[in-house]
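# Observations on the model geometry
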Amino acid sequence: MNSNTALNRIYYVFLFISLVSLVFYLGFLFGSREWLNAQPVNLSITNPNLQAKNSISDIQLRSILGSVDGSTVQSFGQLYFLINGDGQTEIVINLDNIPTTIGPAGGPNVAVPDQLSIEVATRVKDENNRDTYEYRNISPNPDVKAYIALNEPVNNIRSGRFTGIIDESIVDSQNGRQNFERLVFRSLNGDVNNIFIDRDPDLPFMVRGNTEAGVQGQTAPFFWVKF
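Below is a short write-up of the structure. (Residues numbered from 1 in each chain as written. Predicted model: local features only at pLDDT ≥ 70, side-chain atom pairs only at ≥ 80, totals over all residues. Heavy atoms only, no water.)

The next point concerns the overall build of the protein chain. Summing up its helical and strand segments, the protein chain has two helices and eleven strands in all. Element order for the protein chain, N to C, with α for helix and β for strand: α-β-β-β-β-β-β-β-β-β-β-α-β. For the protein chain, with 227 residues in total, the buried portion stands at 31%. Put simply, of all contacts in the protein chain between residues at least 6 apart along the chain, 56% involve residues at least 24 apart. Summed over its atoms, the accessible surface of the protein chain is roughly 14,700 Å², and 53% of this surface lies on carbon and sulfur atoms. (Helix = DSSP H or I, 4+ residues; strand = E, 2+ residues; numbered from the N terminus. Buried < 20%, exposed > 50% of the residue type's maximum accessible area, 1.4 Å probe, protein only. Contact = heavy atoms within 4.5 Å. Areas by Shrake-Rupley, 256 points an atom, 1.4 Å probe, with all protein chains shown as cover.)

Now for the layout of surface pockets. Its volume calculated, the largest pocket comes out at about 180 Å³. As for the largest pocket, its lining consists of 16 residues, and the residues nearest its centre are Arg186, Ser187, Val192, Asn193 and Thr219. Going through the elements one at a time, β6 (115–125) and β10 (182–187) are the ones with two or more residues in the lining of the largest pocket. (1 Å grid on protein atoms, 1.4 Å probe; cavity = no way out; pocket = protein on both sides within 12 Å on 5 of 7 lines; lining within 4 Å. Points joined across faces, edges and corners; volume = space filled by probe spheres on them.)

Attention now moves to the packing of aromatic side chains. Per the stated rule, a full pass over the model turns up four aromatic pairs. When the ring of Tyr133 is compared with that of Tyr135, the centres are 6.0 Å apart and the planes differ by 70°; the resulting orientation is edge-to-face. Take Tyr133: its relative accessible area is 8%, and that puts it in the buried class. A residue is classified by how much of its surface remains accessible, and Tyr135, at 23% relative accessible area, is partly exposed. A network of ring pairs unites the aromatic residues Phe81, Phe180 and Phe227 as a single cluster. Directly above the ring of Tyr135 sits Arg186, whose terminal nitrogen or CZ lies 4.0 Å from the centroid. (Phe/Tyr/Trp six-rings, centres within 6.5 Å; stacked < 30°, edge-to-face > 60°. Lys NZ or Arg CZ within 6 Å of the ring centre and 35° of its normal.)

On the secondary structure map, Phe205 appears in helix α2 (residues 205–208). Measuring from C-alpha to C-alpha, the distance between Phe205 and Gln216 comes to 10.0 Å, with eleven residues separating the pair along the chain. When sequence neighbours within four positions are dropped, the list of residues in contact with Phe205 reads Asp131, Asn210, Ala213 and Val215.

Moving on, we get to empty space enclosed by the protein. Gaps left between atoms show up when a probe the size of a water molecule is rolled over them. Overall, the coordinates contain one cavity of 30 Å³ or more when judged by the stated rule. Around the largest cavity sit Tyr133, Tyr135, Arg182, Val184, Asp198, Leu203, Val207, Gln218, Thr219, Ala220, Pro221 and Trp224, which together line it. Listing elements by their share of the lining of the largest cavity, those giving two or more residues are β7 (131–137) and β10.

Time to look at unusual backbone geometry. Following Gly107, the chain continues to Pro108 via a peptide bond in cis, the omega torsion being 0°. With respect to the element layout, Pro108 can be found in the loop between β4 (101–102) and β5 (110–111). Positive phi values are uncommon outside glycine, yet Asn97 reaches one of about 55°. Mapped onto the secondary structure, Asn97 falls in strand β3 (residues 89–99). Of the residues examined, Asn97 reaches a relative accessible area of 55% and is grouped as exposed. Of note, the phi angle at Asn156 is positive, near 65°, even though the residue is not glycine. One can find Asn156 in the loop between β8 (147–149) and β9 (157–166).

Here it is in structure tokens:
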């Protein structure tokens, strides 16, 4: 065997090994790229304070309002809500410092029900084309009402908590119309009403009433949230 033949064999062996190595390397690169492409996107989005956003960054807060004497409105807890990707409103309700009775000093008084229906109030027109509210329980099942149950009173004070979903957004994303203006808490069975009328000018005319026009108005819910 001459030296040229030996060199040729070494050359071909080296070339073969190089080609095999190249094929394995390219396969490794392709496999790594496919694995990376299959991983979930991991982007770090920051708030204006330069802190990373998380799943609860878009939660909003509203006070739950009510009145003990019919003249002074005060806070009785908080509503936390979030519009999810399906256009639903996820809610957490914390009712606090709820008195057992409501009414002006010296009476008459009414007992706050142990169970309060959770309803949305939508502005509509009545048969005389006057603004009023239409109330709807937030449960998607018409046979089962969503409600918040108050615990046993301690020193005549109670509290309650509820988590759930309203099957629509507060604002219609298609036309920008507000689907409902308030979240209200009324008697679950409809057998107990508050004893005063809320004269808030933001309320529809037939709800807040007007004594000069001879419109009595509607008794206020026990508690409510303004959006």
